[in-house]
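Structure at a glance
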Amino acid sequence: MTRKILVLPGDGIGPEITAQAVRVLEACQALGLDVEVEQSLVGGSSYDVHGVPLSEETLAKAKAADAILLGAVGGPKWDTIEDLSKRPEKGLLGLRKELGLFGNLRPAILYPQLAEASTLKPEVVSGLDIMIVRELTGGIYFGQPRGIEERDGQRVGFNTYVYSESEIERIGRVAFEMAQKRNKKLCSVDKANVLEVTILWREVMERLAPEYPDVELSHMYVDNAAMQLVRAPKQFDVVVTGNMFGDILSDAAAMLTGSIGMLPSASLNERGQGMYEPCHGSAPDIAGQNVANPLATILSVAMMLRYSLDEAALAERIEAAVGKVLDEGLRTADIASSGTRQVSTTEMGDAVLAALQ
Ligand code: IPM
Ligand code: MG
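Now for a quick tour of the structure. Keep in mind that what you see is a predicted model, and the values were worked out from it rather than measured.

1. A closer look at the site of ligand 1
Residues in contact with ligand 1, as listed here, are Glu89, Leu92, Arg96, Arg106, Arg134, Tyr141 and Asp247. Within the contact set of ligand 1, an oxygen atom lies 2.7 Å away from a side-chain nitrogen or oxygen of Arg96. Taking Arg134, its side chain carries an N or O atom lying 2.7 Å from an oxygen atom of ligand 1. Coverage of ligand 1 by the protein amounts to 76% of the 320 Å² it exposes when considered alone.

2. Here we look at helix H9 (residues 243–256)
Between its first and last C-alpha atoms H9 spans 20 Å; for 14 residues at 1.5 Å apiece the expected length is 20 Å, and the two agree. Positioned one or two residues after H9, Gly258 has a phi angle of 110 degrees, which is positive.

3. Section: the pairing of strand S6 (residues 147–151)
As defined by bridge partners, S6 adjoins strand S7 (residues 154–158) across 5 bridges and the pair is classed as antiparallel. Paired with Glu150 across the strands is Arg155, a residue of S7. Hairpin remark: S6 followed by S7, antiparallel, with 2 residues in the connecting loop; positive phi at Asp152, about 50 degrees.

4. Details of the pattern of salt bridges
Across all of its chains, the model carries 21 salt bridges by this definition. Here Arg173 and Glu169 are joined by a salt bridge, their closest N and O atoms 3.0 Å apart. Taken as a pair, Arg173 and Glu169 lie in helix H6 (residues 165–181) at a separation of 4 residues, close to a single helical turn. Since its relative accessible area comes to 22%, Arg173 is described here as partly exposed. Salt bridges sharing partners connect three or more residues here, namely Glu165, Glu169, Arg173, Arg207 and Glu211.

5. Section: the packing of helix H1 (residues 14–30) against helix H12 (residues 345–356)
Following both chains from N to C, one finds H1 and H12 inclined at 15 degrees, their axes separated by 10 Å at the closest point. If you check the angle between H1 and H12, you find them roughly parallel. For the crossing formed where H1 meets H12, the hand is right-handed. Residue-level contacts link Glu16, Gln20, Arg23, Val24 and Ala27 of H1 to Thr345, Thr346, Gly349, Asp350, Val352, Leu353 and Leu356 of H12. Among the residues forming the contact of H1 with H12, the class breakdown is 5 nonpolar, 4 polar and 3 charged.

6. Notes on the environment of Ala65
You can see Ala65 is positioned in the loop between helix H3 (56–64) and strand S3 (67–72). Ala65 sits in the buried class, given a relative accessible area of 6%. Considering only alpha carbons, one finds Ala65 and Glu38, 27 residues apart in sequence, at a separation of 9.2 Å. Not counting residues up to four positions away in its chain, the partners in contact with Ala65 are Lys4, Leu6 and Gln273.

Definitions and cut-offs
- Residues numbered from 1 in each chain as written.
- Chains lettered and ligands numbered in written order.
- Predicted model: local features only at pLDDT ≥ 70, side-chain atom pairs only at ≥ 80, totals over all residues.
- Heavy atoms only, no water.
- Near = heavy atom within 4 Å.
- Polar contact = N/O pair within 3.5 Å; in protein donor to acceptor, adjacent residues only side chain to side chain.
- Areas by Shrake-Rupley, 256 points an atom, 1.4 Å probe, with all protein chains shown as cover.
- Helix = DSSP H or I, 4+ residues; strand = E, 2+ residues; numbered from the N terminus.
- Expected span 1.5 Å × (residues − 1).
- Pairing = 2+ DSSP bridges.
- Salt bridge = Lys/Arg side-chain N within 4 Å of Asp/Glu carboxyl O.
- Buried < 20%, exposed > 50% of the residue type's maximum accessible area, 1.4 Å probe, protein only.
- Axes fitted to C-alpha atoms, helices over the stretch in contact; angles between N-to-C directions.
- Parallel < 35°, antiparallel > 145°, perpendicular 65-115°, else oblique.
- Left-handed = near helix turned anticlockwise from the far one by under 90°.
- Contact = heavy atoms within 4.5 Å.
- Nonpolar A, V, L, I, M, F, W, Y, C, P; charged D, E, K, R; others polar.

These figures capture arrangement, not role.
See the structure below:
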């Protein structure tokens, strides 16, 4: 059965990096992968054409797809749009919400070849392999009521941090199951010393724990977790947390690996349908210069093959190709160091394709 993949390049460096990932997908087609690839607009590029960051057309195509590959959205060009609901980021949040993509997997793996690229000492990060499981469709990013309004003669901004037990439970199960497949350690991150919503979060995690007796559950406050991530990151195996804390901690974890330009992510719903995107953003400062690192997007294709298309062998082949290219000393600007050869976005794509053959 031919499966459908929707590619949403988005804004900034999005089109450049997804172009390289699409070449990798095409190489997989040549190796026998039966998929149909379609493209559509999202984010600022959609706003420019349709006046909205997520059109009905793109949403319908996304719902019909088996998997979605997204580049990145946003940029200064659209930061002045007053109506927040029209900002590029809302295109991304809308896709996550409409498709119910609540389970966000953000691996932070240090490629041994890049130990020198990290800003932390090699001994602190070598062998690093963390999986951050971030709740993606709830919490303060979606809570109601929200807004900016006039109260007692001045403007007041407010958001609501809310989680239901069922929302906590379903992301908890994703995380416990992930821990079972890995080193069986799960750290749940909250702010239960201050926020009721995370007192409930902690309670639900505790309630689930006996169902996963092989997993060792621990809890950590988010401020401490941020510190521990840069102090001794190898203490973590799987981390589970809410939307906002996961957003912040996953950027920090990404940087441990040398560059956020290396990290893929998967966002899954209950049906195993998924959206795959690099963890980094649209990097408008380097857009259009053919210097961005396409590896996070290429590795996102590998995650797509593994989690949505049941093609683990092909996924491993792509990951091995990326490893080979790094072994050969090829680096985009973000991961370059002395003794390596700096290459452009397209040259990196060429090299991965050559390594795949
Ligand atoms: C991410 C991004 C998004 C988020 C933005 C672009 C809305 O930072 O995927 O981490 O906050 O989730
Ligand atoms: Mg983020």
